[in-house]
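If you want the building blocks of each chain, they are given just below.
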Amino acid sequence: MKISSITVPSPSGLWTTVRSVGAFKVAYSFAALWALVKISRALRWRLKTTQLRGPPRTSLIYGVSHDLASSQDSGAMYERWATEYGVAYTIPGVLGQTIIVLCDPKAIAHFYARETWTYVQTPLSLALLEASVGRGLLWSQGETHKRQRKALTPAFSNAAIRKLTSVFYDSAYKAKGAWDTIIESSKDGDAVIEVQNWCVVFLVFLDTIGIAGFSHDFGSLHGERASVTEVFDTFGNNQQASAVNHVFIMIASAFPIITKIPTRRANLFKKLSVTMGEISDDLLTRSRREKDVNVGEGNEEKSIIGLLIKSEGQDAELHMSEEEVVAQMKVLLLAGYETTSVSLTWTLIELSRHPDVQTRLREELLAFGSDPTYDQLKANLPYLDAVVHEILRLHPPVGEFTRLAAADDVIPLSEPVRTESGEMTDSISIAKGTTIRISSAAINRSAAIWGPDAKEFKPDRWLTEDGIGGKAKEVQGHRHLLTFVDGPRTCLGKDFAIAEFKTVLSVLVKNFVFEMRDGPDTPVEVARGILPRPRVVGEDGIGVPLRVRRYE
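Along each chain, the written sequence defines residue order, and numbers are assigned to residues from 1. Selection of residues for local features in this predicted model requires a pLDDT of at least 70, selection of side-chain atom pairs for listing and counting requires 80 or more, and totals for whole chains, interfaces and linings are taken over all residues. Values reported for side chains reflect all heavy atoms of the structure, with hydrogen atoms and water molecules removed beforehand.

Enquirer: What should I look at first to understand the pattern of salt bridges in this one?
Expert: Pairs may arise between side chains of opposite charge once their charged atoms sit close together. Just to be clear on terms, a salt bridge is a Lys or Arg side-chain nitrogen sitting within 4 Å of an Asp or Glu carboxyl oxygen. What the rule picks out here adds up to 28 salt bridges. Of the charged contacts, one joins Asp-371 and Lys-510 as a salt bridge, the two residues approaching to 3.0 Å between their closest N and O atoms. Of the two residues, Asp-371 sits in the loop between α14 (355-368) and α15 (374-379) while Lys-510 sits in helix α19 (residues 494-511), which places them 139 residues apart along the sequence. A salt bridge links Lys-494 to Asp-495; its shortest N-O distance comes to 3.8 Å. For helices the rule is a DSSP run of H or I covering at least 4 residues; for strands it is a run of E covering at least 2, with both sets numbered from the N terminus onward.

Enquirer: In this structure, what is going on with the packing of α14 against helix α16 (residues 382-394)? I would like to understand it.
Expert: Two quantities define a packed helix pair, namely the angle between the axes and the distance from one axis to the other. Note on geometry: axes are lines fitted to C-alpha atoms, helical ones only across the stretch in contact, with angles between N-to-C directions running from 0 to 180 degrees. Put simply, α14 and α16 touch, their axes get as near as 8 Å, and they point 140 degrees apart. Accordingly, the angle class assigned to the pair α14 and α16 is oblique. Between α14 and α16 the crossing geometry is left-handed. In this structure, α14 uses Val-357, Arg-360, Leu-361, Glu-364 and Leu-365 to contact α16, whose residues at the interface are Pro-382, Tyr-383, Leu-384 and Val-387. Residue polarity follows a fixed list, in which Ala, Val, Leu, Ile, Met, Phe, Trp, Tyr, Cys and Pro are nonpolar, Asp, Glu, Lys and Arg are charged, and the others, Gly among them, are polar. Looking at the contact of α14 with α16, its residues break down into seven nonpolar, no polar and two charged. Here roughly perpendicular refers to angles of 65 to 115 degrees, roughly parallel to angles under 35, roughly antiparallel to angles over 145, and oblique to all remaining angles. A clockwise turn of the near helix away from the far one marks a right-handed crossing, whereas an anticlockwise turn of less than a right angle marks a left-handed crossing. Residue contacts are counted whenever heavy atoms from the two residues lie within 4.5 Å of one another.

Enquirer: It is not clear to me how the side chain of Thr-50 should be interpreted in this structure. Could you clarify?
Expert: Its location among the elements puts Thr-50 in the loop between α1 (11-48) and α2 (65-70). Working definition: with a 1.4 Å probe on protein chains only, accessible area under 20% of the residue-type maximum means buried, over 50% means exposed, and in between means partly exposed. You can call Thr-50 buried: its relative accessible area is 16%. A distance of 2.8 Å separates the side chain of Thr-50 from the backbone nitrogen of Ser-429, its partner in a polar contact. With residues near it in sequence (within four places) discarded, Thr-50 still touches Thr-419, Thr-425, Ser-427, Ile-428 and Ser-429. Between N or O atoms, a polar contact is any pair within 3.5 Å; within protein, one atom must be a potential hydrogen donor and the other a potential acceptor, and residues adjacent in sequence are included only when both atoms are from side chains.

Enquirer: What is the right way to read unusual backbone geometry from this model?
Expert: Among all residues save glycine, negative phi is the norm, and among peptide bonds the norm is trans. With a phi angle near 50 degrees, Leu-95 is a residue other than glycine that sits in the positive phi range. In this structure, Val-485 takes a positive phi of about 50 degrees despite not being glycine. Secondary-structure assignment places Val-485 in the loop between α18 (447-450) and α19.

Enquirer: How should I be thinking about the nonpolar core in this particular structure?
Expert: The nonpolar side chains of a soluble globular protein tend to be buried, and buried together. Side-chain atoms within 4.5 Å are what join buried Ala, Val, Leu, Ile, Met, Phe, Trp, Tyr and Cys residues into a set we call a nonpolar core. Within the largest apolar cluster, 86 residues are counted, with the highest numbers of intra-cluster contacts made by Leu-102 and Leu-505. Top contributing element to this core by residue count: α16, with eight residues. In contact with Leu-102, not counting residues within four places along its chain, are Val-87, Ala-88, Ala-107, Ile-108, Phe-111, Ile-411, Ile-428, Ile-436, Arg-437, Ile-438 and Ile-443. If you look at the next biggest cluster of nonpolar residues, it comprises 26 residues, including Phe-168, Ile-279, Leu-283 and Leu-318.

Enquirer: Honestly, the packing of helix α7 (residues 158-184) against α19 in this entry has me stumped. Any pointers?
Expert: Remark: α7 packs on α19, axes separated minimally by 9 Å, with the N-to-C direction vectors making an angle of 35 degrees. For the pair α7 and α19, the crossing hand works out as right-handed. Facing α7, whose interface residues are Asn-158, Ile-161, Leu-164, Thr-165, Phe-168, Tyr-169, Ala-172, Tyr-173, Lys-176 and Trp-179, α19 presents Asp-495, Phe-496, Ala-499, Glu-500, Thr-503, Val-504, Ser-506, Val-507, Leu-508 and Asn-511. Of the residues that constitute the contact of α7 with α19, the class distribution is twelve nonpolar, five polar and three charged.

Enquirer: Please explain helix α3 (residues 74-85) as it appears in this structure.
Expert: Because each turn of an α-helix spans 3.6 residues, side chains separated by three or four positions in sequence point in the same direction. Expected helix span is taken as 1.5 Å per residue step, with the number of steps being one fewer than the number of residues. A rise of 1.5 Å per residue sets the reference length of α3, with its twelve residues, at 16 Å; its end C-alpha atoms lie 16 Å apart and thus fit the reference within 8%. Among all positions of α3, only Ser-74, Gly-75, Met-77, Tyr-78, Glu-79, Trp-81, Ala-82 and Tyr-85 are buried. Among the residues trailing α3, Gly-86 stands out with phi positive, at a value near 110 degrees.

Enquirer: Explanation requested: the packing of aromatic side chains in the structure shown.
Expert: Within a pair of aromatic rings, the relevant descriptors are the distance that separates the centres and the angle that separates the planes. For Phe, Tyr and Trp, rings pair up if their centres lie within 6.5 Å, where Trp contributes its six-membered ring, and each pair is then called stacked (planes under 30 degrees apart), edge-to-face (over 60) or tilted (otherwise). In this structure the tally under the stated criterion is ten aromatic pairs. On the basis of an interplanar angle of 35 degrees and a centroid distance of 4.8 Å, the ring pair of Phe-111 and Tyr-119 is categorised as tilted. Their ring planes at 75 degrees and their centres at 6.0 Å tell us that Phe-156 and Phe-496 sit as a pair that is edge-to-face. A residue pair is termed long-range when its members are at least 10 positions apart, and Phe-156 in the loop between α6 (142-152) and α7 and Phe-496 in helix α19 qualify at 340 residues. Among the residues examined, Phe-496 registers a relative accessible area of 5% and is labelled buried. Ring pairing ties together the aromatic residues Tyr-78, Trp-81 and Tyr-89, which thus form one cluster. In this arrangement the basic side chain of Arg-393 is found over the ring face of Trp-450, its NZ or CZ atom lying 5.4 Å from the centre. Placement of a charge over a ring requires the Lys NZ or Arg CZ to be within 6 Å of the ring centre, with the centre-to-atom vector within 35 degrees of the ring normal.

Okay, here's the thing in structure tokens:
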């Protein structure tokens, strides 16, 4: 007879089993608690938020987020949904998230008036901004944002920008000289220039922000390669990696913690942050020494770097920590370099597509004569102003903004919308935790707001009283555009950017003629960089080859 034996676990084995069961119970409890919190929040959101209609999800995981991310014109998608569902509607996001989209000027004005208090950055935005530019003006919210913005405001006054106009011209004429050299070396009197891959469009603005903001010449237009430009250039060169990163970011909108995973793009942003930090530290150290030497001069400080150093003082009214000061410099380097260069590239493309507009602009500039002053750029060149603002309308560098409701709110609408239940309402209730999105591209190019020619490049609309319709006049942004957003977070460097943009454009158009290399009908698409950038279809990276010749 065979007697079976019973194995008695050792005390240590028994403790391991108990611990594993205990760990399982703890994990199960946390999962149950997480689910309970999620369900309670969902129920509260359902009860306190107006249930709007919207497009169905096209993906169980991504909702419609992947469709928007892969679209060449997400603004047109938002506009189409507004036509179908009304000026406020919902779209399904990643992993069951719901996003409310506002396409109504009255609702948008209400939203922006309360931004940074009632409507705040999403956890994903905060994580990405902190990783790339630190806790500066873009990252901060509430009182912290108000304090940082107030400290920097004098650097962007009309008086301060007026003094910098000569710096803008210096960089523009360096670009002209560089292009003259290229054209002289060609046999045909013209040259095909990659205006986006080659240094002029990018680096004229990098040099300008370096000299104007920080008294530092990056030397980009002299052929010197600053470390920061090498990092900037890396973005957008690998479109396949950028597409993979887009999927990663979509998942991160539901789980922001995964932004800590060292992906290729995350490492690029980290390298960019470190590089800009090193430049900032070096500039600050040098400027502090100069301040100590000139301590007795007593002039009111209005330069960007001077105001930042002033704010470091413990007795400063608007004190900023060293971390905040460095973060502001990173923000200004990135914003001053990236956004305006995108706009200039689009301008050269549109002028190449519309030679009649290019000729008319050149005639206005040549008739004016000498290089216009800052005040003349603002008031005496209406067609230049029209071209610049039509570019800002059609091609905003940042196409959409997403925020989180930090408190319950009620948003008024200028026209009623139909809810999910079929009722009509002229306001929508928003529960704390609701995600809100505004597409500046959709609003800037909306046929319902700007009229049937809204998608056309038509600078003349800015020259007549009736060129901008009644609905467009309800948009409460700069010149009825959302390109610079609105409210407490409206772009602080708006006037700086426009003056810089006009200065460089005026010099280039007076001296050169631009054409698309393969003709005016050459297709252009949007490629992914730090910001979306134009690219001629079929070109590598962010290539925009234009045929450039001197104007004789």
